[in-house]
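# Fold and contact review
Chain residues, written in single-letter form:
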Amino acid sequence: MSSIWDEREEAYRTSDEHREGPDLDLLVEWAAGARTALDVATGGGHVARRLREAGLEVVSCDAAPGMRPDVVCRAEDLPFADASFDVVTSRLGAHHFEDVEAAVQEMARVARERVLVVDNVYAGEAVEEADHVRDPSHVRRYSEDEWRALFADAGLRITDVRHLDRAIRVTPWLERTGCVGADAERVRELLADRIEADTIRIERIALSGSKA
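The present account deals with the structure reproduced in this document. Residue positions are counted from 1 within each chain, in the order its sequence is given. pLDDT decides what is reported in this predicted model: residues at 70 or higher carry local features, side-chain atom pairs at 80 or more are listed and counted, and totals for whole chains, interfaces and linings draw on all residues regardless. Working from all heavy atoms in the structure, the side-chain values ignore hydrogens and water.

## Let's talk about the packing of helix H5 (residues 100-110) against helix H7 (residues 144-153)
We count it as follows: Lines fitted to C-alpha atoms define the axes here, with helix axes fitted over just the stretch in contact, and angles between the N-to-C directions of these axes take values from 0 to 180 degrees. Only runs of H or I of at least four residues qualify as helices and only runs of E of at least two qualify as strands under DSSP, and these elements are numbered from the N terminus. Any angle that is under 35 degrees is reported as roughly parallel, and any over 145 degrees as roughly antiparallel; angles of 65 to 115 degrees are reported as roughly perpendicular and all others as oblique. Note on convention: near helix rotated counterclockwise from far helix by under a right angle means a left-handed crossing. Clockwise means right-handed. Contact criterion: two residues are considered in contact whenever any of their non-hydrogen atoms come within 4.5 Å of each other. Residue polarity follows a fixed list, in which Ala, Val, Leu, Ile, Met, Phe, Trp, Tyr, Cys and Pro are nonpolar, Asp, Glu, Lys and Arg are charged, and the others, Gly among them, are polar.
Running from amino to carboxyl end, H5 crosses H7 at an angle of 50°, the nearest separation of the two axes being 9 Å. On the basis of their axis angle, the class for H5 and H7 is oblique. Relative to H7, H5 is oriented so that their crossing is right-handed. On the side of H5, the interface is formed by Val100, Glu101, Val104 and Gln105, while H7 contributes Trp147, Leu150, Phe151 and Asp153. Partitioned by chemical class, the residues of the contact of H5 with H7 number 5 nonpolar, 1 polar and 2 charged.

Below you can see the structure in the form of structure tokens.
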């Protein structure tokens, strides 16, 4: 997977859909008051960038060296001591985690105060199939109930949950993962009832959990 993401680095670093958005603004708001942060599965580094602009000391990590994180590691195996960071964040990476339960538990372990997660919400099996065809590194989206259980199992008390709607342009969304030809046609077919004027609306969930 790392080699795939190494090749995608520039596309995700410059993507408008990743560089900005209300979910990114919300993470910055929720992190207010913290001094240190770890951004897990940093991707294009947008959360880390915004938190640094807000004055936090940030360490970024990602499994793909090509994403140029501060530390190369999997979310399921964070090489940091317990309670190393005031806040731990992860935005739009969880649906790629091989073991999301282990990843959330690791994020909770290294967090001193709270864990903040944003990801796309489970929207049915047709959408899951489309995600897999578009991007073979996709594992699974999760529902709000599943996220609540993941946080609870990791010893996190949920303090806020938000659902946010984001409009995504379909053509660049496909191009970012190199999805072309028959695969692109299959994705459009699976999502036909959701696409309008080359735009699809994606629901995201944002959760804030404090250490119990």
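## A look at the nonpolar core
This is how it is decided: Residues belong to one nonpolar core when they are buried, are Ala, Val, Leu, Ile, Met, Phe, Trp, Tyr or Cys, and are joined through side-chain atoms within 4.5 Å. Between buried and exposed lies partly exposed: a residue is buried under 20% and exposed over 50% of the maximum accessible area for its type, with that area taken using a 1.4 Å probe on protein chains only.
With 31 residues, the main nonpolar core has Val40 and Trp147 as its most contacted residues. Mapped onto this core, the elements with two or more residues apiece are strand E1 (36-40), strand E4 (85-91), H5, strand E5 (111-120), H7, strand E6 (156-169) and strand E8 (199-211). In terms of residues, this core owes the most to one element, H5, which gives 6 residues. Setting aside residues up to four positions removed in sequence, Trp147 forms contacts with Ala94, Val100, Val104, Val117, Asp119, Tyr142, Ile205 and Leu207. Counting residues in hydrophobic clusters, the runner-up holds 19 residues, among them Leu24, Ala37, Leu51 and Val58.

## Details of the packing of helix H6 (residues 125-134) against helix H9 (residues 181-190)
Relative orientation of the contacting elements H6 and H9 amounts to 165°, with a least axis distance of 9 Å. Between H6 and H9, the angle is such that the two are roughly antiparallel. Two packed elements cross with a definite hand, and for H6 against H9 that hand is left-handed. The segment H6 lies against H9, with Ala126, Glu129, Ala130, Val133 and Arg134 engaging Asp183, Arg186, Val187 and Leu190. Among the residues forming the contact of H6 with H9, the class breakdown is 5 nonpolar, no polar and 4 charged.

## Observations concerning the side chain of Asn120
What counts, and what does not: Here a polar contact means two N or O atoms within 3.5 Å. Within protein one must be a hydrogen donor candidate and the other an acceptor candidate, and residues neighboring in sequence count only if both atoms are side-chain atoms.
Mapped onto the fold, Asn120 is located in strand E5. Here the side chain of Asn120 touches Arg204 through a polar contact of 3.3 Å, side chain to side chain. Aside from chain neighbours lying at most four places away, what touches Asn120 is Leu92, His95, Arg141, Tyr142, Ile202, Glu203 and Arg204.

## Quick notes on the pairing of E5
Rule in force here: For two strands to be treated as a pair, DSSP must find at least two bridges joining them. Whether a crossover is right-handed comes down to one check: with the strands pointing away from the viewer, does the path from the first strand over the helix to the second run clockwise; if it does, it is right-handed.
Counting buried positions over the 10 residues of E5 gives 8, a clear majority of the element. With 6 bridges connecting them, E4 and E5 associate as parallel partners. Residue pairing for E5: Thr89 is matched across the bridge by Leu116. The parallel pair E4 and E5, bridged by H5, forms a crossover whose chirality is right-handed. Inspection of the sheet shows E5 paired to E8 by 7 bridges, in the antiparallel sense. Directly across from Asn120, in E8, lies its bridge partner Arg204.

## Notes on the pattern of salt bridges
For clarity, the cut-off: What makes a salt bridge here is a side-chain nitrogen of Lys or Arg within 4 Å of a carboxyl oxygen of Asp or Glu, nothing more.
Enumeration according to the criterion identifies 21 salt bridges in this entry. One salt bridge in this structure joins Asp82 and Arg109, with 2.8 Å as the shortest N-O distance. Separated by 27 residues along the polypeptide, Asp82 in the loop between strand E3 (71-72) and E4 and Arg109 in helix H5 bring together distant segments of the chain. The partner of Asp198 in a salt bridge is Arg188, with the nearest N and O atoms 3.2 Å apart. Of the two residues, Asp198 sits in the loop between strand E7 (195-196) and E8 while Arg188 sits in helix H9, which places them 10 residues apart along the sequence. Among the residues examined, Asp198 registers a relative accessible area of 28% and is labelled partly exposed. Judged by its relative accessible area of 31%, Arg188 falls in the partly exposed class. Taken together, the salt bridges that share partners define one network made up of Asp25, Arg49, Arg50 and Glu53.

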